[in-house]
Amino acid sequence: MVETTFGKGCHLHLIDGSAFIFRAYHALPPLTRKSDGLPIGAVAGFCNMLHRYVEGNTGPDAPTHVAVIFDKGSHTFRNDMYDLYKANREAMPEDLRPQMPLTRRATEAFNIACKELEGFEADDIIATLSCQAREAGGRVTIISSDKDLMQLVGDGVEMLDAMKNRRIDRDGVIEKFGVGPDRVVDVQALAGDSVDNVPGAPGIGIKTAALLINEFGDLETLLDRAGEIKQPKRRQTLIDMRDQIELSKRLVQLDCDTPLDFGLDDLEVRDPDPDTLLSFLAEMEFRTLSRRIADQLGAEAPVIEDKVAPPTDTDAPEAPSFSDATYTCVHDAETLQDWIDQIRERGWVAVDTETTGLNEMIADLVGISLCVEAGRACYIPLIHKAAATDDLFGSDDLAEGQMAPQTVLNLLKPVLEDPAILKIGQNMKYDAKIFARQGIEVAPIDDTMLLSYAMHAGLHNHGMDTLSERYLGHTPIPIKPLLGSGKSAITFDKVPVDKATEYAAEDADITLRLWQTFKPQLHRNQVTTVYETLERPLVPVLAQMEMHGVKIDRDTLSRMSNAFAQKMAGLEAEIHDLAGETFNVGSPKQLGEILFDKMGIEGGKRGKTGAYATGVDVLEDLATEHDLPARVLDWRQLSKLKSTYTDALQTHINPDTGRVHTSYSIAGASTGRLASTDPNLQNIPVRTEEGRRIREAFVAEPGNVLVSLDYSQIELRILAHIANIPALKQAFADGLDIHAMTASEMFDVPLDEMTPDIRRQAKAINFGVIYGISGFGLARNLRIPRSQAQGFIDRYFERFPGIRTYMDDTKAFAKEHGFVQTLFGRKIHTPEINAKGPRASFAYRAAINAPIQGTAADVIRRAMIRMPAAIDGLPARMLLQVHDELLFEVAETAVDDIIARARDIMENAADPAVRLDVKLTVDAGQGANWAQAH
DNA sequence: GACATCACG
DNA sequence: GACGTACGTGATGTCC
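Parameters and conventions
- Residues numbered from 1 in each chain as written.
- Chains lettered and ligands numbered in written order.
- Predicted model: local features only at pLDDT ≥ 70, side-chain atom pairs only at ≥ 80, totals over all residues.
- Heavy atoms only, no water.
- Helix = DSSP H or I, 4+ residues; strand = E, 2+ residues; numbered from the N terminus.
- Buried < 20%, exposed > 50% of the residue type's maximum accessible area, 1.4 Å probe, protein only.
- Contact = heavy atoms within 4.5 Å.
- Areas by Shrake-Rupley, 256 points an atom, 1.4 Å probe, with all protein chains shown as cover.
- Salt bridge = Lys/Arg side-chain N within 4 Å of Asp/Glu carboxyl O.
- Axes fitted to C-alpha atoms, helices over the stretch in contact; angles between N-to-C directions.
- Parallel < 35°, antiparallel > 145°, perpendicular 65-115°, else oblique.
- Nonpolar A, V, L, I, M, F, W, Y, C, P; charged D, E, K, R; others polar.
- Core = buried A, V, L, I, M, F, W, Y, C linked by side-chain atoms within 4.5 Å.
- Domains from an automatic or database assignment.
- 1 Å grid on protein atoms, 1.4 Å probe; cavity = no way out; pocket = protein on both sides within 12 Å on 5 of 7 lines; lining within 4 Å.
- Points joined across faces, edges and corners; volume = space filled by probe spheres on them.
- Pairing = 2+ DSSP bridges.
- Disulfide = S-S within 2.5 Å.
- pLDDT = per-residue confidence, 0-100.
- Arc of directions from axis to C-beta.
- Patch = residues over 30% accessible without salt bridge, like charges linked within 9 Å, V, L, I, M, F, W, Y side chains within 5 Å.
- Lys, Arg positive; Asp, Glu negative; His and termini not counted.
- Charge placed at Lys NZ, Arg CZ, Asp CG, Glu CD.

Notes on the overall build of chain A
Along chain A, the regular secondary structure elements total 38 helices and 23 strands. Buried residues in chain A amount to 50% of all 934 residues. For chain A, long-range pairs separated by at least 24 residues make up 67% of all intrachain contacts whose partners lie at least 6 apart in sequence. As presented, chain A carries roughly 42600 Å² of accessible surface, and 50% of it is formed by carbon and sulfur atoms.

Focus on the pattern of salt bridges
Taken as a whole and judged by the stated rule, the model has 54 salt bridges. Its salt-bridge partner being Glu283, residue Arg105 comes within 2.9 Å of it at the nearest N-O pair. Highlighted residues: Arg105 in helix α4 (residues 100-109) and Glu283 in helix α12 (residues 274-284), separated in sequence by 178 residues. A residue is classified by how much of its surface remains accessible, and Arg105, at 36% relative accessible area, is partly exposed. We classify Glu283 as partly exposed; its relative accessible area is 37%. Between Arg783 and Asp617 there is a salt bridge, and its shortest N-O distance comes to 3.8 Å. Of this pair, Arg783 sits in the loop between α33 (775-782) and α34 (786-799) while Asp617 is found in helix α26 (residues 616-623), placing the two residues 166 residues apart along the sequence. Because the salt bridges share partners, they merge into one network encompassing Glu745, Asp748, Arg795, Glu798 and Arg799.

Side note on the packing of helix α31 (residues 738-747) against helix α32 (residues 756-770)
Between α31 and α32, the least distance of the axes is 8 Å, while the angle of their chain directions is 100°. When the axes of α31 and α32 are compared, the pair comes out roughly perpendicular. Counting all contacts with α31, which are made through Ile738, His739, Ala740, Thr742, Ala743, Met746 and Phe747, the residues of α32 involved are Ile758, Arg759, Ala762, Lys763, Ile765, Asn766 and Phe767. For the contact of α31 with α32, the class distribution of residues is nine nonpolar, three polar and two charged.

Focus: the nonpolar core
Core analysis: the largest hydrophobic core is formed by 176 residues, its most contacted members being Ile368, Leu370, Ile380, Tyr711, Ile803, Met864 and Phe888. For this core, the leading source of residues is helix α36 (residues 838-870), giving nine residues. Each of domain 2 (322-525) and domain 3 (555-660) gives at least three residues to this core. Contacts of Met864, omitting those with residues within four sequence positions, involve Leu538, Val541, Leu542, Met545, Leu674, Met878, Gln881 and Leu886. Core analysis: the second largest hydrophobic core is formed by 49 residues, Met150, Phe177, Leu222 and Leu254 among them.

A word on empty space enclosed by the protein
With the rule as written, the count across this model stands at one cavity of 30 Å³ or more. Considering only enclosed or pocket space, the largest cavity measures out at about 70 Å³ in volume. Grouping the constituent residues of the lining of the largest cavity by class yields five nonpolar, no polar and five charged.

Observations concerning the sheet that holds strand β13 (residues 550-552)
Taken in spatial order, the three strands make up an open sheet running β14-β13-β17, and their pairing is antiparallel. Single-partner strands in this sheet number two, and they are β14 (659-660) and β17 (698-699). In terms of strand pairing, β13 meets β14 through two bridges, oriented antiparallel. When the bridges of β14 are listed, Val550 appears paired with Val660.

As for the state of the cysteines
One pass over the structure, following the stated rule, counts one disulfide. In this model, Cys131 is linked to Cys256 through a disulfide, with the two sulfur atoms separated by 2.4 Å. Here the residue Cys131 occupies a position in helix α5 (residues 122-135), and Cys256 occupies one in the loop between α11 (242-252) and α12, the gap between them amounting to 125 residues. For Cys256, a relative accessible area of 27% corresponds to the partly exposed category.

Looking at the pairing of strand β8 (residues 348-355)
Within β8, eight of the eight residues are buried, which leaves the element mostly enclosed by the surrounding structure. In terms of strand pairing, β8 meets strand β11 (residues 422-425) through three bridges, oriented parallel. Considered in β11, the bridge of Trp348 is made with Leu422. Bridge count for β8 against strand β9 (residues 365-373) is six bridges, and the pairing is antiparallel. Each bridged residue has a counterpart across the sheet, and for Thr353 the counterpart in β9 is Ile368.

Focus: the confidence of the model for chain A
On average, residues of chain A score 92 in pLDDT, and 98% of them reach the 70 mark or higher. Here residues 311-316 is a poorly scored stretch, pLDDT under 50, and it has eight contacts once near neighbours within four places are set aside; other chains count.

Comments concerning helix α22 (residues 528-535)
Within the sequence span of α22, burial applies to Val530, Tyr531, Leu534 and Glu535. All buried residues of α22 fall inside an arc of 110° around its axis, so they share one side. Buried positions along α22 lie against β12 (445-447), α17 (448-456), α21 (521-524), α23 (538-548) and α36.

Observations regarding the side chain of Ser452
Among the structural elements, Ser452 can be located in helix α17. Those residues in contact with Ser452 that lie beyond four places of it in its chain are Ala457, His460, His462, Leu467 and Phe518.

Regarding unusual backbone geometry
Following Asp678, the chain continues into Pro679 via a peptide bond in cis, with omega recorded as -5°. Here Asp911 and Pro912 are connected by a cis peptide whose omega angle stands at -5°. By the secondary structure assignment, Pro912 is in the loop between α37 (895-907) and β23 (922-927). Positive phi, normally seen in glycine, also occurs at Asn111, with a value near 60°. As for its placement among the helices and strands, Asn111 is situated in the loop between α4 and β3 (113-115). A positive phi angle is found at Arg783, which is not glycine, with a value near 55°.

Here's the deal with a negative patch on the surface
Taken together, the side chains of Asp261, Asp265, Asp266 and Glu268 define an acidic patch exposed on the protein surface. In this structure, Asp261 sits in the loop between α11 and α12.

As for the sheet that holds strand β6 (residues 166-168)
The mixed open sheet is built from six strands, whose spatial order is β3-β2-β1-β4-β5-β6. Looking along the sheet, the strands with just one partner apiece sit at the ends: β3 and β6. When the angles between neighbouring strand axes are averaged without regard to direction, this sheet yields 25°. Relative to β6, strand β5 (residues 157-161) runs antiparallel, the two being bridged by three bridges. Bridging across to β6, Leu160 finds its partner in Arg167. Packed on one face of the sheet, helix α2 (residues 41-56) meets β1 (11-16), β2 (65-69) and β4 (139-143) and runs near 165° to β2.

This is the structure:
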């Protein structure tokens, strides 16, 4: 064996182990080992990350040496200097503690050096090794995003933020700290660090600290010459706090002389030993990962017993790997009958449809795939085209070996409609609508997308690719190579049947496996009721609404488009005239240059791309002094209305039905709200008179009217209930104007002396509270000084102390559990709540808002689910949902009846699951079009 | 495909 | 007094 010595040409990777663990812990749901319930989620995530890391180690940046560095014990030499060091750290979560030693074992199993040292932080070991490697002439990459490590950067040492895949070099450090790596400790000593509880100098942040250090050169000089600082407050702080600042510096200064009992040469990259690694993974019962790694190492996957300590209600046998799956193509009735027999035997089937497009109101059914057992699925092609006879044109002839579509549908219909057989799908609303157009009412259903949504909202999206990747460790066959992209893209019926079979059958296979994974987890996550009462029953309701569509009058839109075009042309000429040159008014970039460079208007602010900001706020300010921005604002409004509404809506009118069919995504918004797409009918203009007229194009069929019912102040009512604010509850009970009441309470103005302006401010505050209020945000919204806004907020909390409590409690709950909940038990995960910096503030405000917005979303979902039965037999259809509004199309004779029944359902939608302290009230309107009904 | 802008609750 | 801020969405046009 050749002795190698670390030196020039060597590349050392140092992985911050704790960072990996915490990221893994927060990224994954609380998984447990099947056989004994040992919490194992963080270890699983840690192993996945290590595996991904090892896989990515190719090319010129590949390391020659590597180690994972961990913290050991909570008491370090820094605690001897300062007993409050890291004193505000939250305790380690209970279910993470037992996983810590396992992450060490995992590292060893991957045959990666695993280092820790009692009394020292991982950062010190990383510092020591970095220094040694640098002196030996080698290169170092520190895999971490901890800013404390930035002092080590330079002379061949870089950091790599694995999350963002971003390298941080000297320039990156300067960007973050305003000084080079050698002065980072000086800045940190002054700025302190609330996360590690390093005191620093009160009143000085990173910006100020960098300014001072750059002026004086280094911390010692600064402290010696502190008397020269101009700002009196700052000068005094530095003089008074000298000891504390010097202590802070010793706290943040990493130790490059940690006594290590190993050397760089001990960290050489080694291949893992397959037996050791696989037996560890088997012990942890990581089925997917061990299968995958076994494949890559060319070894046999270990057998993992499927014994379960607490019995669960699934009987999923160990699934074969995807590479061993059998996917067959069904060509004849006997084979299909065989599959149907198997479905009847089991009582369930995973179904997936392939079609010619994504719009289920237009797309044709191309084929159907079925799966009854993980690893065994079939595809039934229906209208695939024969292979092209030449290279230019596809054939119009059908490919051979396909059963007649009607024969297949006739055989499947009894199964798909059988109430005793569960149909499992991923985004079942899509497939249900495709089948509905073939006269098949699919029921009952389960939906893996919605199962995931109930359990994982806020963690990730719920598309099949994401779910398969995350929960099955398998990347599905991508559709892109099959269909191509851009102009040359083909539809699925042009895909050769053999390729289509592989793709389509796999989708059904994945869906079944996801279902087998998710279904038993539902009750463990305590979201069974959410799934059963708020998600699953909504599917047929939305499918009906979408298929029915809303009538839109093309002529009205077309006339408006023309009128807008004329007005825009006039404005454009005026704008060019004012600018003294022609330019593209629709280009913010060009507009910014005209305003701030050519015309020389002061106060232009550049965004992150370097272009001037020209948003509506900016232009409104400029419009008080200048004509051009005022014209641009008018032009922009018209342009928006024309392109997004009057033009685009016309293209969405379905030629068969003459109506517009939106599609609601049930699992799109994390809070439980629906989202409307293709087209979005939840953002039709209403706030301006000109925009509102677009709603005149939404009309009822002859003899019918549109009826709109909307919840009045539902989010504030829910806030009053959740935060338990007696004054707000009383105001709602008395039917008061809630914003006026707030204003009166806050500003001590009697209700009968209320002015519109005071009320407007109170209204902004009320909304601010729902959004997780901040002084800055309120100040910007009301265009008042920040100090005044903060004063409003303080006063609000004083008058309604329950709000403060609600916000604090919600934050604490989110920090502890990683999610918040609606009144109906819907969970919204907040993985970033324990992050550092601005991301945490974002997560905090979202966590405040989610239970309120989410509860309102749950309420209207409940109303919608009950609505079909409530209006059954009446000549009325529910058409649209806009978060707190439902729009109906109703025969003129039934209007009063519908309003009464729908209102009753909506106002009592929370019952009986939740008894609200505040009653919900619903306003109703009716008319020939949506503008009148609203 | 990212970004800026703007429509809604 | 420092991160950079209102919460949740989708569609459009520009520009690279």
